[in-house]
Amino acid sequence: MSKLRVAVLGAKGRIGSEAARAVEAADDMELVAAVGRGDKLEALVESGAQVAVELTTPASVMGNLDFCVRHGIHAVVGTTGWTGERLAELGTSLAASPGTGVLIAPNFSIGAVLTMKFSQMAARMFESVEIVELHHPGKADAPSGTATRTAQLVAEARAAAGLGDQPDATRTALEGARGADVDGVPVHSVRLRGLLAHQEVILGGEGETLTIRHDSLHHSSFMPGVLLGVRRVASVPGLTYGLEHFLDLS
Ligand SMILES: NC(=O)C1=CN([C@@H]2O[C@H](COP(=O)(O)OP(=O)(O)OC[C@H]3O[C@@H](n4cnc5c(N)ncnc54)[C@H](OP(=O)(O)O)[C@@H]3O)[C@@H](O)[C@H]2O)C=CC1
Ligand SMILES: O=C(O)C1=N[C@H](C(=O)O)C[C@H](O)C1
């Protein structure tokens, strides 16, 4: 059986270098291009890459994906910075290349995917919910893509259950003290040496709290999800948002 021809974009970065090693170690894949900043994207075409793993920066990801989609190269994307406008723009590119698949995974680790799922399940049963995400100080953005997506899913679940705004009697506060408001869910971002990627979703109701916590302790935690995405993305044309769509969570 021929091996899947895979390129990694951002191959010198923290997660990109781990992904390049994981692809090289996979029996059914061949790393045909390892692209860093300043390298030409034409290397993807010249190397015959079938799937690109995009792990660069929010500033680079849209241009890289535009190139991939125009050339019919499927993409597995971990890079953050996704807004409604960006998703719509990508949807327009994909409409012009209907056979191409793009997976955007806010988080590739199974534990983080489950954290999102469990938080979504619990959201309708608790009056209050807040998210604390904790990352290494080299992280480019805040809040994290995972926390943003978790907050969106939680907010959707609350709205579907008919829950209104959360109770909060705060009258005065230093700006930022209550975190960022993501669809009505407060998100607090910690950046600290020694950490990698962690998240707590704290739900509160009458006389009780529930804390759902996930810790990525090494970048290897993201690799099974990256490889799953690479294996599946070509068979799912169009945009898939979230690794959960490639997993059986029933
Ligand atoms: N979905 C998930 O599970 C995960 C997602 N991430 C996300 O992945 C992204 C990268 O994170 P991380 O590895 O920590 O960041 P790094 O800064 O360590 O790596 C990013 C790399 O991409 C390079 N780069 C920038 N622009 C381009 C370009 N146009 N073409 C090729 N390479 C480019 C950078 O080069 P230079 O250093 O020269 O700028 C750098 O080497 C972030 O958005 C992060 O949030 C991270 C971990 C897990
Ligand atoms: O930059 C990181 O490190 C991570 N980024 C992603 C995010 O923003 O959610 C995924 C994970 O948290 C690690």
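Refer to the structure above for everything that follows.
Note that the coordinates shown come from a computational prediction; the quantities given were computed from them, not determined experimentally.

### Thoughts on the site of ligand 1
Okay, step 1: Near ligand 1 you find 22 residues, and of these Arg14, Ser60, Thr80, Ala105 and Phe108 are the closest.
Okay, step 2: Contacts to ligand 1 include Gly78, whose backbone N or O atom sits 3.2 Å from a nitrogen atom.
Okay, step 3: Here a nitrogen atom of ligand 1 and a backbone polar atom of Pro106 are 3.2 Å apart.
Okay, step 4: When isolated, ligand 1 has an accessible area of 930 Å², and the protein chains bury 78% of it.
Okay, step 5: Split into classes, the residues belonging to the shell around ligand 1 amount to seven nonpolar, eleven polar and four charged.

### Observations concerning the environment of Pro224
Okay, step 1: When you line up the elements, Pro224 lands in helix H7 (residues 223-232).
Okay, step 2: A relative accessible area of 56% places Pro224 in the exposed class.

### Overview of unusual backbone geometry
Okay, step 1: Ala142 connects to Pro143 through a cis peptide bond whose omega is -5°.
Okay, step 2: Along the polypeptide, Pro143 turns up in the loop between strand S6 (128-135) and helix H6 (145-160).
Okay, step 3: One non-glycine residue with positive phi stands out, namely Asp183, at about 55°.
Okay, step 4: Tracing the backbone shows Asp183 in the loop between strand S7 (180-182) and strand S8 (185-191).

### As for the site of ligand 2
Okay, step 1: The full set of residues close to ligand 2 is Thr80, Pro106, Asn107, His135, His136, Lys139, Ser144, Gly145, Thr146, Ala197 and Phe222.
Okay, step 2: Between Lys139 and ligand 2, the recorded distance is 2.7 Å, taken from a side-chain N or O atom to an oxygen atom.
Okay, step 3: Thr146 is positioned such that a nitrogen or oxygen atom in its side chain is 2.5 Å from an oxygen atom of ligand 2.
Okay, step 4: When the free accessible area of ligand 2 is taken as 320 Å², the share hidden by the protein chains comes to 84%.
Okay, step 5: Along the lines of polarity and charge, the residues of the shell around ligand 2 split into three nonpolar, seven polar and one charged.

What counts and what doesn't
- Residues numbered from 1 in each chain as written.
- Chains lettered and ligands numbered in written order.
- Predicted model: local features only at pLDDT ≥ 70, side-chain atom pairs only at ≥ 80, totals over all residues.
- Heavy atoms only, no water.
- Near = heavy atom within 4 Å.
- Polar contact = N/O pair within 3.5 Å; in protein donor to acceptor, adjacent residues only side chain to side chain.
- Areas by Shrake-Rupley, 256 points an atom, 1.4 Å probe, with all protein chains shown as cover.
- Nonpolar A, V, L, I, M, F, W, Y, C, P; charged D, E, K, R; others polar.
- Helix = DSSP H or I, 4+ residues; strand = E, 2+ residues; numbered from the N terminus.
- Buried < 20%, exposed > 50% of the residue type's maximum accessible area, 1.4 Å probe, protein only.

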